[in-house]
Amino acid sequence: MGCAPSIHVSQSGVIYCRDSDESNSPHQTTTISQGTATVHGFFIKTDAAESLPSSLASRSPSKTRIRKRRRHLGNGSLGGGGAPMGSTFRGQQRHCLVSAELENQTCYTDVQVAATEVHFGPMRLTQDPFQVLLVFAKEDSQSDGFWWACDKAGYKCNIARTPESALEYFLDKHHEMIVIDNRHARCFDAEALCRSIRATNPGETTVILVVVPQLCNDQEECSVLPLLNAGFNRRYVENPNVTACYNELIQLEYGEVRSQFKLRACNSIFTALEHCQEAIEITNEDHVIQYVNPAFERMMGYHKGELIGKELTELPKSDKNKADLLDTINTCIKKGKEWHGIYYARQKTGDSIQQDVKITPVIGQGGKIRHFVSIKKLCSDNNKQVRFLNRYMEENSQSDSQSLRYKDRRKGSIDVRSITSRRSDGSSYNRRHSSMARIHSMTIEAPITKVINIINTAQENSPVTVAEALDRVLEILRTTELYSPQLGSKDDDPHTNNLVGGLMTDGLRRLSSNEYIFSKNLQQNYSHIAVPVALSDVPPDIAEFLEDEESWDFNIFELESRTNKRPLFYLGLKILTEFGVCEFLNCSEKILRSWLQLIETNYHASNSYHNSTHAADVLHATAYFLRKDRVKGSLDELDEVAALIAAAVHDVDHPGRTNSFLCNAGSELAVLYNDTAVLESHHAALAFQLTAGDDKCNIFKNIERNQFRTLRQAIIDMVLATEMTKHFEHVNKFVNSINKPMTSIEETSSNSESSDGERPSSFKNSIEDRLLIKRMLIKCADVANPCRSVKLCVEWAGRISEEYFAQTDEEKCQGLPVVMPVFDRNTCSIPKSQISFIDYFITDMFDAWDAFANLPTLIQHLAENYKYWKTLDECECKGLRPPPDS
């Protein structure tokens, strides 16, 4: 401990604190004013002192009566901006700044406690000075005992008076040990505090000691299990003796605290294992897999969840190993010897790979083997076939050096194995080689081919693990469904499965007779073209109602009612006139009116959902999006006109049935369009057929040919984009090509004075980017129902459900496969279907569109509607009535 300081009081009432063995040091004497003062982490009161603890009294020869009062959290932070609680250190030097006039001074010490070196296997760890947190609701002899025990042991000690302050201080300091008083249950719940500490990240490895009261002679000893279950490491029966407290703390330091310190060091070891390029597998003595690192997962093709807990004998074995190899390995490692050799392992795909394996037994408790650590590397022989093929082609190919740049260097590919497996048949091998040589000498390359060739080249000098990862990348790139996600956790959700099956597939399903049904009575007669009649001006009440059409909350159903189910004509006339479509197309308003009437006439009013009201709703959303600054700044006038026309015609002549239904029924349309994007192709084709069929309705007849072709292509592309089988492709391309580059550019120019929030002109000038924006625009407009106000959203949900119900009824009547079985009018849950639709299709798409176009109102409505459907779903599940406001 060093020599104790002496405390002297002058006649004037000034207190001096001096270390008796270092009186010559200019820093050893501290002046303390009259009144209450802080000495050695305590408050000293010169005018009303009580007895000191014996340990302090033995150090100080002063007869002054001193009353100690420790500062603590919960009673306020003492010392102004200083530390929130008092601290004490053991050491040769102490400097105490003490003020007798203010009780909120902070005591600082300059004691330097040497760090402790701990050996953990081959590791040499350095443990920082020990910190202890005492949690006592009030000061008594027991808290004093632990306080002075910490001082004696050289620990840094802090006191907290409330659970809140204790948790706050622990999260700040991360004490190695916490002592919690559990003698006074009425003050605070010690077990609850312990659980709160354990719930934090640093609390997992701290050692927590609980102080319990002494038992009376007639009391029975209680079990410690409740305390252990609460998270305490050890129990301490009340004993304020400083030596007893000191012994308890020292035992914990050299026992559990040091063990926990070593366990924390394991995090660095696991980090090294996780980033190691060699495959590592750890099993117990019974060969049950306990750990595999990511390199092992990549090498073998398994996920760790498929391996951990399984015995090695449960995994498939390669038949390329010698019959007695496994017995040889087991005999060696069971004797505690390391085995090192070549072993063939079977990947999850069924392929055998040659590995350089080192298996090391690890001795554990009782001197027995407790673990086996296997380190595995791929043998270079795995790539011999690839190198042979490359050399053969270099020596024999007659192509020039330019073509050789595009050789297939893919290591371990299926093509290479198939070639080498047929080497015995010289003619077939030569034919194969000749074909491959011609392919590599081709000068016409698609962008995806260039990407594959770049990856092939990068593989050549890459580490084995990187080459394997690139192999998997190449396999993915060579598939056709690059953007279609897996359902994953949604596999058990029939509503999601039905929606995906009904909206994202072509619907071809063979019946039990293995014949496709061609139902003639389902065919529609599309040859009739309605002749428009002359129309008077827009009625005043409708014109007045349309004044609010720029609002997102515009009620399209009210317009449907006011116009006698002709909302597309009136809304289309206002919006197309506002955007200057007649001027751009060089057509009269009369022709535009006739065209709008013609298009609306060819929507089926008998459909509950896919009618002209839906077309008007999509047109309204399209115009709303086109008015947004960023959208407006990204598209030119032709793009705007194409978007508006595409919105108006995108579902013309819709039969009220899905593509899947038409394909299963073998309808005339499905046959015409080869079961691919049947309805969308029909909508686009019929729109131009109707328009060109009568000069009185032909809005395109006066524009220049090249401009018409560009406009026509844009309209067709947008209508086809509404087909749901390409939903995720369009969304992912938009995110990767628009959202991410835009975010990067905005971050770069965020500090620029010229940055006004608009997209850079480079996006506007890119044809590819404009194409993606237009597709995303009409897609969002087409399925914006969940982003409308709750009242409109509910109406749309009822209409689309009724249409699906009718389809299910007809499928059952005609003996067709039921595409969406959950849409049975007797059992369907509309809330569940809406929740699935929002989760799977809507949320991500509108998040991406909002990030580009800035649509807070839509996102707010989407959240409100989702909450609404969730509430109804919960009521359905519990058999309750919906809330009144629902």
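The rules behind these values
Residues numbered from 1 in each chain as written. Predicted model: local features only at pLDDT ≥ 70, side-chain atom pairs only at ≥ 80, totals over all residues. Heavy atoms only, no water. Core = buried A, V, L, I, M, F, W, Y, C linked by side-chain atoms within 4.5 Å. Buried < 20%, exposed > 50% of the residue type's maximum accessible area, 1.4 Å probe, protein only. Helix = DSSP H or I, 4+ residues; strand = E, 2+ residues; numbered from the N terminus. Contact = heavy atoms within 4.5 Å. Disulfide = S-S within 2.5 Å. pLDDT = per-residue confidence, 0-100. Polar contact = N/O pair within 3.5 Å; in protein donor to acceptor, adjacent residues only side chain to side chain. Patch = residues over 30% accessible without salt bridge, like charges linked within 9 Å, V, L, I, M, F, W, Y side chains within 5 Å. Areas by Shrake-Rupley, 256 points an atom, 1.4 Å probe, with all protein chains shown as cover. Salt bridge = Lys/Arg side-chain N within 4 Å of Asp/Glu carboxyl O. Axes fitted to C-alpha atoms, helices over the stretch in contact; angles between N-to-C directions. Parallel < 35°, antiparallel > 145°, perpendicular 65-115°, else oblique. Left-handed = near helix turned anticlockwise from the far one by under 90°. Nonpolar A, V, L, I, M, F, W, Y, C, P; charged D, E, K, R; others polar. Pairing = 2+ DSSP bridges. Phe/Tyr/Trp six-rings, centres within 6.5 Å; stacked < 30°, edge-to-face > 60°. Lys NZ or Arg CZ within 6 Å of the ring centre and 35° of its normal.

**Describing the nonpolar core**
- In terms of nonpolar packing, the biggest core is built from 113 residues, with Leu585, Trp595, Phe625 and Trp849 touching the most fellow members.
- In terms of residue count, the dominant contributor to this core is helix H33 (residues 830–853) (12 residues).
- Every residue in contact with Trp595, bar those within four places of it in the chain, is listed here: Leu576, Ile645, Ala648, Val649, Thr691, Cys697 and Ile699.
- Of all hydrophobic cores here, the second largest spans 23 residues; its members include Phe136, Tyr155, Cys157 and Val211.

**Remarks on the state of the cysteines**
- The full count for this structure, using the stated rule, is 0 disulfides.
- Left unpaired, Cys150 is separated from the closest cysteine sulfur, that of Cys157, by 3.9 Å.

**Some points on the confidence of the model for the chain**
- Across the chain, pLDDT averages 76, with 70% of residues at or above 70.
- Contacts for the low-pLDDT stretch residues 1–112, under 50 throughout, to residues beyond four places or in other chains number 247 contacts.
- Overall, residues 753–762 carries pLDDT values under 50, and its contacts beyond four positions in sequence, including any with other chains, amount to 11 contacts.

**Focus on the side chain of Arg657**
- With respect to the element layout, Arg657 can be found in the loop between helix H24 (637–649) and helix H25 (659–665).
- Residue class for Arg657 comes out buried when judged on its relative accessible area of 17%.
- For Arg657, the side chain forms a polar contact with the side chain of Glu810, separated by 2.8 Å.
- Once residues lying within four places of it in the same chain are set aside, the contact partners of Arg657 are Leu679, Glu803, Ala806, Gln807 and Glu810.

**Here we look at a nonpolar patch on the surface**
- On the surface, a nonpolar cluster with roughly 240 Å² of combined accessible area is contributed by Val224, Leu225 and Leu228.
- Summarising the element assignment, Leu228 is placed in helix H5 (residues 225–230).

**Points about unusual backbone geometry**
- One non-glycine residue, Asn564, lies in the positive phi region at around 55°.
- Mapped onto the secondary structure, Asn564 falls in the loop between helix H18 (556–562) and helix H19 (567–578).
- Since its relative accessible area comes to 64%, Asn564 is described here as exposed.
- The phi angle at Asp653 is positive, at roughly 65°, despite the residue not being glycine.

**Observations concerning the packing of helix H31 (residues 767–782) against H33**
- Direction vectors running N to C along H31 and H33 enclose 125°, while the axes themselves pass 11 Å from each other. Put simply, H31 runs oblique to H33. Judged by the twist between their axes, the crossing of H31 over H33 is left-handed. Residues Ile773, Met776, Leu777, Lys779 and Cys780 of H31 form the contact with H33, whose participating residues are Met845, Phe846, Ala848, Trp849 and Phe852.
- Partitioned by chemical class, the residues of the contact of H31 with H33 number 9 nonpolar, no polar and 1 charged.

**With respect to the sheet that holds strand S13 (residues 279–284)**
- Ordered in space as S14-S13-S17-S16-S15, the 5 strands form an open sheet in which the pairing is antiparallel. Each of the sheet's edge strands pairs with one partner strand only, and the pair in question is strand S14 (289–292) and strand S15 (339–346). Between one strand axis and the next, the sheet turns through 30° on average, direction left out of account.
- With 8 bridges connecting them, S15 and strand S16 (residues 352–363) associate as antiparallel partners. The residue bridging Tyr343 from the neighbouring strand is Gln355, located in S16.
- On top of the sheet, helix H9 (residues 325–334) reaches S15, S16 and strand S17 (369–378); it is set at about 140° to S15, its chief contact.

**Some remarks on the packing of aromatic side chains**
- For the structure on display, the rule yields 25 aromatic pairs.
- Each residue in the set Trp552, Tyr624, Phe625, Phe734, Trp849 and Phe852 is aromatic and connected to the rest through ring pairs, giving one cluster.
- One cation-aromatic arrangement involves Arg566 over Phe569; the distance from NZ or CZ to the ring centre is 5.7 Å.
- If you follow Arg657 out to its NZ or CZ, it ends over the ring of Phe661, 5.9 Å from the centre.

**Things to note about the pattern of salt bridges**
- Taken as a whole and judged by the stated rule, the model has 29 salt bridges.
- Across the salt bridge formed by Glu191 and Arg195, the nearest N and O atoms sit 3.7 Å from each other. With a gap of 4 residues between them, Glu191 and Arg195 both fall in helix H4 (residues 190–198), about one helical turn apart.
- Using a relative accessible area of 23% as the deciding quantity, one classes Glu191 as partly exposed.
- A salt bridge links Asp717 to Arg775, with the shortest nitrogen-to-oxygen separation between them at 2.8 Å. Highlighted residues: Asp717 in helix H28 (residues 705–721) and Arg775 in helix H31, separated in sequence by 58 residues. For the pair shown, Asp717 and Arg775 are each scored as buried.
- Here the residues in one salt-bridge network are Glu549, Glu550, Lys574, Glu578 and Arg627, joined through shared partners.

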